[in-house]
Structure formats: structure tokens, C-alpha cells
Amino acid sequence: MPVITFANSKGGSGKTTSALLLACALSEQKPTTIIDADPRHPVTTWSKMDGKPSALTVITNESERTILDEIESAAAKDPFVIIDLEGTASRLMSYAISQSDLVIIPLKEQQQDAMAALDVIQEIHRDMKATRRQIPYAVLFTQSRAAVKSRTAKHIASQFRDNPKIDTFTVEIVERDAYAAIFTIGGTVRDMNPSKVNGLENALGNIEAFRDEVIRKLRVIREDAPASEVA
Amino acid sequence: MAGDDRTALNMDFDDLSDFEPKAASKPQEAVKRSVDSVSGFPSREASEDGQLNMKGRMAVLDRFKAMCKDDRRSYVDMLEILMDRFEEG
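**Structural notes on the overall build of chain A**
Phase 1 of the analysis: If you tally the helices and strands in chain A, you get eight helices and seven strands.
Phase 2 of the analysis: For 231 residues, the compact-globule formula gives about 17 Å, and the C-alpha radius of gyration of chain A, at 17 Å, lands near that figure.
Phase 3 of the analysis: Overall size of chain A, expressed as C-alpha extent along the three principal axes, is 50 × 40 × 35 Å.
Phase 4 of the analysis: Looking at chain A residue by residue over its 231 residues, the buried ones come to 48%.
Phase 5 of the analysis: Restricting the contact set of chain A to residue pairs at least 6 apart, pairs at least 24 apart contribute 76%.

What follows is the structure in C-alpha cells.
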């Protein structure tokens, strides 16, 4: 069923990293496609290095005109489709959102990321009107410090976490060497050499917790959806 | 709890067999039109159109223009037809 889009109109919010971590984790269990709709093609570049899981297909988006086709074919082929977008408010983003079963809005605990996240949430609500259906979304904090958070970080996070209207992931994608390393070494965190990358076990635990929370959300979304919308 | 009608939570994160591929739902042009009508985010797509200026003998240019007019074609369409024929040899 699920098409999961990672969207934030600001660059550097952790979209590509969290999208790729989820895609790799899901592909361990089910065939998964990730659509690389960032014109810099970071996921496509990663996929050309060694170690891409065989159950993971990487599709490079051609243009705004082709995105709906690409989503449709991927969703007909694989149970999980992940879309990584450019950090720009674009019509391509709106098209991707309109086809999503879950939009994940990654953000660093910073004012600029938070404001861009709110723009995306407004756009999701406009797209709900266009498609006349609920498009569930959830905020995901990324690049967070595992140990002590700054006062600003706490201030930003609490505004989302304390807002009953906005769903926020309990799990946070913590700043870890392993996450940066996948783009320089290639392959997945699971296949990394523990002697070359620090904190591998914690990284794997973090990824697993993220994947499980996504699955939990998708199951709740499916339960809540009107019968006509269930795939 | 025995006798409880509440369904149990699916806490199985290893078996994801409840997730399957899905068939297409709505026609894409309709989706695009409805999103276009509400979206606050602009298109960032570069236009595929370009421009070409030509300078040359008036007689050749007039011949080309007349050819397009006779066949009711735009200059670019006629240019493409001529290039295709040229490549076919």
C-alpha cells in the first residue's frame, strides 16, 4: 500500500538521509522503491556505489511532468515506495504529496527548518482539499544530539510535540557517523564494518525504532481510512 | 483480555505481509488539475522551449516561410520534418 514522501521545503533538513535509512530498512523485509526526486540526485549517486540491497530499486525522477507516472508504476510493483524530494517549495512536491499515504516532514530543531515545515503542512492541507482525502503527515526530528539538547532545540521541539494537531515521531534520527558514512562508503548501515564506523549498534537500533514507528503509523492509518481508500 | 471485542495491536514488525503493491486509482491529468487549482507551491520546471534566430539570403528565408505557410505548419515543425528527411537520406 504505502507511498511515503519525505518533504521539507528547506534543504539540509535530513530528508535524504532519513528516506534512505527507511528505504534500506524496509527492503530487508519487502521489495521497496525509492524515487530520487532531488535534482542533485544524491540517492542515485549512492546507488551507483557498491552495496545497494538487491530488494531496493532506485528510480531517478525525470521531471515534474513524470512524477505521477513514476509513483504509479513503483506502487504497482513494490509494497513500499519512498520519495525523496528537493528542499524547495515546488509543484513537484505537491504532486508527490497528493499521492502519499504518509508524508514525513524531517526537520532539525532550528527555527528555519521549523518554519519551512509549517509551509509544507499548509501545502499538505491544500492538497487534501484537492484530492478530497486525508493525507496523514508526521514531523520527524533529525540530526538531533543524543546527549544534551540546547535550549533552542528544546524550545522548537516542544512546540511540535505539545501541539495536539501535529503528529510527531517519538523517535528522532540522531546525529551519527554511520548516517554520513553511507554516502561516502555506499551500501547500508547494517553492512558497515564496525571497526570503520563509530556507534554502529546505536545507529542500527535508531533505524529499527524509526522503521517500527513508521510501520505502526501506517497500520493505524490503514485502520482509520474509509473502506474505499484501503488498497 | 478474554471476551474483549477490542482487536489486538499488530506488534509484529518482522512480518510485513499485510503491505502489498497497489493498482492505480485516479487518472493523472485529473489529479494534476486539482492539485494545480489549490497548490501554493510554484512549478520549478524549466521550459523546454528555446529560440533560434536565423540570418541568411532573403530568397531562402522566403522559400522556407512559404513552405510552412503552404503546409500550415509552424517553423519549428517544418524544421523538424526537414531534418528527419535529411537524416533518412
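Anyway, onward from the coordinates.
**A closer look at helix 1 (residues 15-27) of chain A**
Phase 1 of the analysis: The end-to-end C-alpha separation of helix 1 of chain A is 18 Å, in line with the 18 Å expected for 13 residues at 1.5 Å each.
Phase 2 of the analysis: Here helix 1 of chain A lies mainly inside the structure; 13 of its 13 residues are buried.

**Observations regarding the packing of helix 4 (residues 91-98) of chain A against helix 1 (residues 28-38) of chain B**
Phase 1 of the analysis: At their nearest, the axes of helix 4 of chain A and helix 1 of chain B sit 10 Å apart, and the two run at 120° to each other. Comparing their axes, helix 1 of chain B and helix 4 of chain A come out oblique. Of the two elements, helix 4 of chain A crosses helix 1 of chain B, and the hand of that crossing is right-handed. Seen from helix 4 of chain A, the contacting residues are Ser94(A), Tyr95(A) and Ser98(A); seen from helix 1 of chain B, they are Val31(B), Lys32(B) and Val35(B).
Phase 2 of the analysis: For the contact of helix 4 of chain A with helix 1 of chain B, the per-class residue count stands at three nonpolar, two polar and one charged.

**Side note on the nonpolar core**
Generally speaking, soluble globular proteins have nonpolar side chains that are buried together.
Phase 1 of the analysis: Ile71(A), Ile83(A), Ala96(A) and Ile105(A) are the most contacted members of the largest nonpolar core, which totals 68 residues.
Phase 2 of the analysis: For Ile105(A), the contacting residues outside a window of four places in its chain are Ala7(A), Asn8(A), Ala117(A), Val120(A), Ile121(A), Tyr137(A), Val139(A) and Leu140(A).

**What about the pairing of strand 2 (residues 32-37) of chain A?**
Residue and element names in this part refer to chain A.
Phase 1 of the analysis: Across the six residues of strand 2, six count as buried, placing the element largely inside the fold.
Phase 2 of the analysis: Where burial is concerned, the two faces of strand 2 agree: the one with Thr32, Ile34 and Asp36 and the one with Thr33, Ile35 and Ala37 are both buried.
Phase 3 of the analysis: In this sheet, strand 3 (residues 56-60) lies alongside strand 2 in parallel orientation, the contact comprising five bridges. From the neighbouring strand, Thr32 faces strand 3, where its bridge partner is Leu56.
Phase 4 of the analysis: In this fold, strand 2 hands off to helix 2 (residues 42-47), which returns the chain to strand 3; that crossover is right-handed.
Phase 5 of the analysis: Bridging between strand 2 and strand 4 (residues 80-85) involves six bridges; their strand directions are parallel. Within the sheet, the bridge partner assigned to Asp36 lies in strand 4 and is Asp84.

**A closer look at the sheet that holds strand 3 of chain A**
All names here are of chain A.
Phase 1 of the analysis: The sheet built from seven strands is open, its strands ordered 3-2-4-1-5-6-7 with parallel pairing. A single partner strand is all that each edge strand has here, and the edge strands are strand 3 and strand 7 (173-174).
Phase 2 of the analysis: In terms of strand pairing, strand 6 (residues 137-144) meets strand 7 through two bridges, oriented parallel. Across the sheet, the residue bridging to Ser144 is Val174, located in strand 7.

**Overview of the environment of Lys65(B)**
Residue and element names in this part refer to chain B.
Phase 1 of the analysis: On the secondary structure map, Lys65 appears in helix 2 (residues 58-70).
Phase 2 of the analysis: According to the C-beta neighbour criterion, Lys65 is exposed, with 12 such atoms within 10 Å.
Phase 3 of the analysis: Residues Lys65 and Gln51, spaced 14 residues apart in sequence, show a C-alpha to C-alpha distance of 17 Å.

**Topic: the environment of Gly50(B)**
Phase 1 of the analysis: Its location among the elements puts Gly50(B) in the loop between helix 1 and helix 2.
Phase 2 of the analysis: Along the backbone, Gly50(B) and Lys65(B) are 15 residues apart, and their C-alpha atoms lie at a distance of 19 Å.

**Concerning the interface of chain B and chain A**
Phase 1 of the analysis: Across the contact, 24 residues belong to chain B and 35 residues belong to chain A.
Phase 2 of the analysis: For the side of chain B that touches chain A, the class distribution of residues is eleven nonpolar, seven polar and six charged.

**Some thoughts on the confidence of the model for chain B**
Residue and element names in this part refer to chain B.
Phase 1 of the analysis: Chain-level statistics for chain B give a pLDDT mean of 88 and a share of 96% at 70 or above.
Phase 2 of the analysis: Summarising per-element confidence for chain B, the mean pLDDT is lowest in helix 1 (92) and highest in helix 2 (97).
Phase 3 of the analysis: Across the interfaces of the predicted complex, the ipTM metric reaches 0.85, alongside a pTM of 0.85.

Definitions and cut-offs
Residues numbered from 1 in each chain as written. Chains lettered and ligands numbered in written order. Predicted model: local features only at pLDDT ≥ 70, side-chain atom pairs only at ≥ 80, totals over all residues. Helix = DSSP H or I, 4+ residues; strand = E, 2+ residues; numbered from the N terminus. Rg over C-alpha atoms; globule rule 2.2 N^0.38 Å. Buried ≥ 20, exposed ≤ 12 C-beta atoms within 10 Å, placed from the backbone. Contact = placed C-beta atoms within 7 Å. Expected span 1.5 Å × (residues − 1). Axes fitted to C-alpha atoms, helices over the stretch in contact; angles between N-to-C directions. Parallel < 35°, antiparallel > 145°, perpendicular 65-115°, else oblique. Left-handed = near helix turned anticlockwise from the far one by under 90°. Nonpolar A, V, L, I, M, F, W, Y, C, P; charged D, E, K, R; others polar. Core = buried A, V, L, I, M, F, W, Y, C linked by C-beta atoms within 7 Å. Pairing = 2+ DSSP bridges. Right-handed = clockwise from strand over helix to strand, strands pointing away. pLDDT = per-residue confidence, 0-100.

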